[in-house]
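# Fold and geometry: a report
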Amino acid sequence: MMQRFIQSMKIQSRQENLVYLALWGMLFAVPVLSAYVRTVSNADISFNWSEIWMVWKLFAVFLGLFLLHNFLLAPLLVHRHKRIIYALLVTIVITAFISFQCTHRPDPRRFGPPPMEMRPNGMPRPPHDFRHHKPKHVPPFFIGERDIVAVIILILMFGMNLGIKFFFKNRIDQKKLKELQKENLEQQLEYLKYQINPHFFMNTLNNIHALVDIDPEKAKDTILELSKMMRFILYEGDKNGVPLTREFDFIHHYLTLMRLRYTDKVDIQVELPEEIPDKTVPPLMLVSFIENAFKHGVSYQQQSFIHIKVNIEHGQLHFICQNSKADIPNQEKGGVGLTNVQKRLYLLYDNNFTLDIQDEADTYSINLVIPLL
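Presented here is a report on the structure given in the accompanying data block. (Residues numbered from 1 in each chain as written. Predicted model: local features only at pLDDT ≥ 70, side-chain atom pairs only at ≥ 80, totals over all residues. Heavy atoms only, no water.)

Right, let's get into the pattern of salt bridges. Using the criterion set out here, one finds five salt bridges in the structure. In this structure, E51 and R38 form a salt bridge, with 3.7 Å as the shortest nitrogen-oxygen distance. Separated by 13 residues along the polypeptide, E51 in helix α2 (residues 49-78) and R38 in helix α1 (residues 2-41) bring together distant segments of the chain. We classify E51 as partly exposed; its relative accessible area is 41%. Among the ionic pairs, E217 bridges to K220, the shortest N-O distance being 3.8 Å. Note that E217 and K220 are positioned in helix α6 (residues 216-236) at a spacing of three residues, about one turn of the helix. Residue classification places K220 among the exposed positions, given a relative accessible area of 53%. (Salt bridge = Lys/Arg side-chain N within 4 Å of Asp/Glu carboxyl O. Helix = DSSP H or I, 4+ residues; strand = E, 2+ residues; numbered from the N terminus. Buried < 20%, exposed > 50% of the residue type's maximum accessible area, 1.4 Å probe, protein only.)

What follows covers the nonpolar core. If you look at the biggest cluster of nonpolar residues, it comprises 40 residues, and the most contacted ones within it are F294, L317 and F319. Among the elements of the structure, α6, α7 (244-261), β2 (266-271), α8 (286-297), β4 (304-313), β5 (316-324), α9 (337-349) and β7 (363-371) are those that each provide at least two residues to this core. Counting residues per element, this core draws most heavily on α7, at eight residues. If we ignore the near neighbours within four places in the chain, the residues touching L317 are L244, F248, V281, L286, V310, N311, L368, V369, I370 and L372. If you look at the next biggest cluster of nonpolar residues, it comprises 23 residues, including F62, F66, F97 and F168. (Core = buried A, V, L, I, M, F, W, Y, C linked by side-chain atoms within 4.5 Å. Contact = heavy atoms within 4.5 Å.)

Once that is clear, we can look at unusual backbone geometry. Of note in this structure, H81 is not a glycine but carries a positive phi near 60°. Along the chain, H81 falls in the loop between α2 and α3 (83-103).

Look at α3: 30 Å from first C-alpha to last across 21 residues, which is about the 30 Å you get at 1.5 Å a residue. Within α3, burial applies to Y86, V90, V93, I94, F97, Q101 and C102. Along the long axis of α3, the arc covered by the buried residues comes to 165°, so they all point the same way. Facing away from the buried side of α3 by over 90 degrees, the exposed positions are I84, L88 and T103. (Expected span 1.5 Å × (residues − 1). Arc of directions from axis to C-beta.)

Moving on, we get to a nonpolar patch on the surface. Residues L67, L68, F71 and L72 make up a contiguous nonpolar surface patch of about 370 Å² in total accessible area. Relative to the elements of secondary structure, L72 occurs in helix α2. (Patch = residues over 30% accessible without salt bridge, like charges linked within 9 Å, V, L, I, M, F, W, Y side chains within 5 Å. Areas by Shrake-Rupley, 256 points an atom, 1.4 Å probe, with all protein chains shown as cover.)

For the rest of this paragraph, the subject is the environment of E247. Following the sequence through the fold, E247 ends up in helix α7. The spatial distance from the C-alpha of E247 to the C-alpha of V287 is 8.5 Å, given a sequence separation of 40 residues. Those residues in contact with E247 that lie beyond four places of it in its chain are F232, V242, V281, P282, P283, L284, M285, L286 and V287.

Looking now at the sheet that holds β7. The sheet built from five strands is open, its strands ordered β2-β4-β5-β7-β6 with mixed pairing. Across the chains shown, the open sheet's two edge strands, defined by having one partner strand only, are β2 and β6 (354-359). In this sheet, neighbouring strand axes are inclined to one another by 5° on average, regardless of whether the strands run parallel or antiparallel. Packed on one face of the sheet, α7 meets β2, β4 and β5 and runs near 165° to β2. (Pairing = 2+ DSSP bridges. Axes fitted to C-alpha atoms, helices over the stretch in contact; angles between N-to-C directions.)

Structure representation (structure tokens):
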């Protein structure tokens, strides 16, 4: 599934590049077609490649600026949402383009005498030295009409580039949204399957049954925690985000139930932050790693441990889960698996997350860093 999704994104990128290639190909073909039509329609006009080459050199300047904008500037706005940096860099590029236009063009005032003036009787006036001729109503030469048109074309070209990029990004986002909705539904169903697994309920209910005679109050509390877990899965599991407090409560209930199933040979430690910000995380994301630790790292025959630590720094959640590696791990079924969790992380955060997995001889550790929403 992950490979197919990445392949789909690559296809979208190729389609976008093909659109640009087609547009620029047609643009560079216009001077050739124009010269060909003029040559066919008028036998006195010859096909002049030098004129076409001059036009192509002008187009090459715009093509270079387009490539700069397409691969360096536009992604800042479209993918990284750096509006201020994008606007600043585009302003610098346009300013540099105007300076280039004004310093690399011929001065029409340097070439040839001014037009010959006519007398009222239709006869030409005596010629004057054009060096002393001062044309009337000459606009400032720093920015001419052609410069203004060129800048407008450049701005429109950048706008066209952004429009196409946003179009293809919207298509990718729509696919991501559909995949995420499907993944959330599958996640919820997988957890429901796990939670209603008879083996899971048998062990949990047997432990609760044993507590009824030993500690009735604790048995009641345990049943209440189990009901809270089921309520969270049923009503919160399909949402895009849940408050951190709700996710941490779920982890607490889950660990409480799991402690009932194991003896003191299993060292279960959890460290959660005291101050919890008003942020959200994807539901059942963290417990996926915890469940995987119990599934593969706990043994009934030997000393085992599961250590969980959560920190919140600079708007990011740092989650660490370490567990021992059992020689004969539990063969319980259920859970969503690390592959599906990784895919879900990619759909939610693109590449804006860190997942470091350390598989050593005796220990297995997960280090996850995700931005808080």
